[in-house]
2 protein chains.
Amino acid sequence: MGYNVMSVTCPSRVVLHRIGARWTVFVVNALEHGPLRFTALVVKIQGVTPKVLTETLRAMEEDGLLARVDYAEQPPRVEYGLTDLGRSLLIPLRAVREWAETHVTEILEARER
Amino acid sequence: MGYNVMSVTCPSRVVLHRIGARWTVFVVNALEHGPLRFTALVVKIQGVTPKVLTETLRAMEEDGLLARVDYAEQPPRVEYGLTDLGRSLLIPLRAVREWAETHVTEILEARER
DNA sequence: GTAACCAGCTACTTCAACGTAACCGGAGCC
DNA sequence: GGCTCCGGTTACGTTGAAGTAGCTGGTTAC
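On a predicted model such as this, the values are computed, not experimentally measured, just so you know.

> Could you clarify how one ought to interpret helix α5 (residues 84-112) of chain A in this entry?
An α-helical turn contains 3.6 residues, so any two residues separated by three or four positions project in the same direction. The terminal C-alpha atoms of α5 of chain A lie 42 Å apart, and with 29 residues this matches the ideal 42 Å at 1.5 Å per residue to within 8%. Bending of α5 of chain A peaks at approximately 55 degrees at the position of His-103 of chain A. Among all positions of α5 of chain A, only Gly-86, Leu-89, Pro-92, Leu-93, Val-96, Arg-97, Trp-99, Ala-100 and Val-104 of chain A are buried. Those residues of α5 of chain A hidden inside the fold are in contact with α2 (24-30), β2 (66-70) and β3 (78-82) of chain A together with α1 (12-20) and α5 (84-112) of chain B.

Rendered as structure tokens:
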């Protein structure tokens, strides 16, 4: 450990920022049960555009969360899968997703008032 | 349950968006051990400006994560504390924070390449 | 021949989040 | 009178993430 998130200089903030990025959570969850192709991801993660998905995937690849495998075939086949690091992220993110799904009604109720 | 985060119409997305907001995670973690005053929060959460903190607190209050108690004294005393709902969010967020603190070096190493 | 599929890329635009700086009113302190 | 503390507010400017639209090039299916 040795890091304190409350400090401005803490590198964990950068990491949290990446995790907080709009689509990272969805990509990780979508790849939970194994690698998927680009188009499959676009279909599965409703609402994401190809451009933004590409950006998200590139960023996650750069952070070592994702492995991109290009089979160099015709027609193109590219698969995206989680690395060990990415898979380890599944655990905390699953907790967050479950919390969101469980408490969403309470929050929507609170907003009504 | 009954919700699927991958659906565009899923309200959990709104919730995830709020959680993903830059400072929500920090506020929740900062209030882990009990209520704090506005100035104390500004000091504890390094890098946050009064304006943005106000916005974050208002939003969290609206979502029922936070309770704002104004003691109507002079000089003003206002305390912010987590509600039961906010406290329940601590559990998944703590997991995320711990993941970030544990794996930050791996990510920074991956970025070097 | 033409139409769709795959995995994107590029240029352009939009918009909300975030940050900066200054200010407020009442109280107390010196 | 002037300064600080408290809990903000307001106006303004910036930025970067996200969205829109159209294109590519090779391949297979109709």
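Still to come is the rest of the account.
> Just checking my understanding: could you explain the protein's contact with DNA strand D for this structure?
Near DNA strand D, the surroundings consist of 19 residues, among which Arg-22 and Gln-74 of chain A together with Thr-39, Pro-76 and Val-78 of chain B are the closest. The dominant element in the surface near DNA strand D, judged by the number of residues it contributes, is helix α4 (residues 50-62) of chain B, at three residues. Looking at the surface near DNA strand D, its residues break down into ten nonpolar, four polar and five charged.

> Is there a simple way to explain the interface of chain B and chain A in this structure?
One widely used convention gives an interface's size as the accessible area the parts lose upon coming together. On the side of chain A, 41 residues touch chain B, which itself brings 41 residues to the contact. Mapped onto the side of chain B that touches chain A, the elements with two or more residues apiece are α1, α2 (24-30) and α5 of chain B. No other element matches α5 of chain B, which puts 18 residues into the side of chain B that touches chain A. Classifying every residue of the side of chain B that touches chain A gives 24 nonpolar, nine polar and eight charged.

> Mind showing me how you'd approach the nonpolar core here?
Formed by 50 residues in total, the largest nonpolar core has its most connected members in Val-27, Val-28 and Ile-45 of chain A together with Val-27, Val-28 and Ile-45 of chain B. In contact with Val-27 of chain A, other than residues within four places in its own chain, are Leu-41, Ile-45, Thr-56, Leu-57 and Met-60 of chain A.

> Looking at this structure, I do not really get the sheet that holds strand β1 (residues 36-37) of chain B. What am I missing?
As a general point, the strands of a sheet are linked pairwise by backbone hydrogen bonds and lie either parallel or antiparallel. All names here are of chain B. Here we have three strands laid out as an open sheet, ordered β1-β3-β2, and antiparallel in their pairing. A strand with exactly one partner marks an edge of an open sheet, and here the two such strands are β1 and β2 (66-70). Bridge analysis of β1 against strand β3 (residues 78-82) gives two bridges, and the strand direction is antiparallel. Within β3, the residue paired with Leu-36 across the bridge is Tyr-80.

Cut-offs and rules
Residues numbered from 1 in each chain as written. Chains lettered and ligands numbered in written order. Predicted model: local features only at pLDDT ≥ 70, side-chain atom pairs only at ≥ 80, totals over all residues. Helix = DSSP H or I, 4+ residues; strand = E, 2+ residues; numbered from the N terminus. Expected span 1.5 Å × (residues − 1). Bend = angle between axes of the 7 residues up to and from the residue. Buried ≥ 20, exposed ≤ 12 C-beta atoms within 10 Å, placed from the backbone. Contact = placed C-beta atoms within 7 Å. Near = placed C-beta within 6 Å. Nonpolar A, V, L, I, M, F, W, Y, C, P; charged D, E, K, R; others polar. Core = buried A, V, L, I, M, F, W, Y, C linked by C-beta atoms within 7 Å. Pairing = 2+ DSSP bridges.

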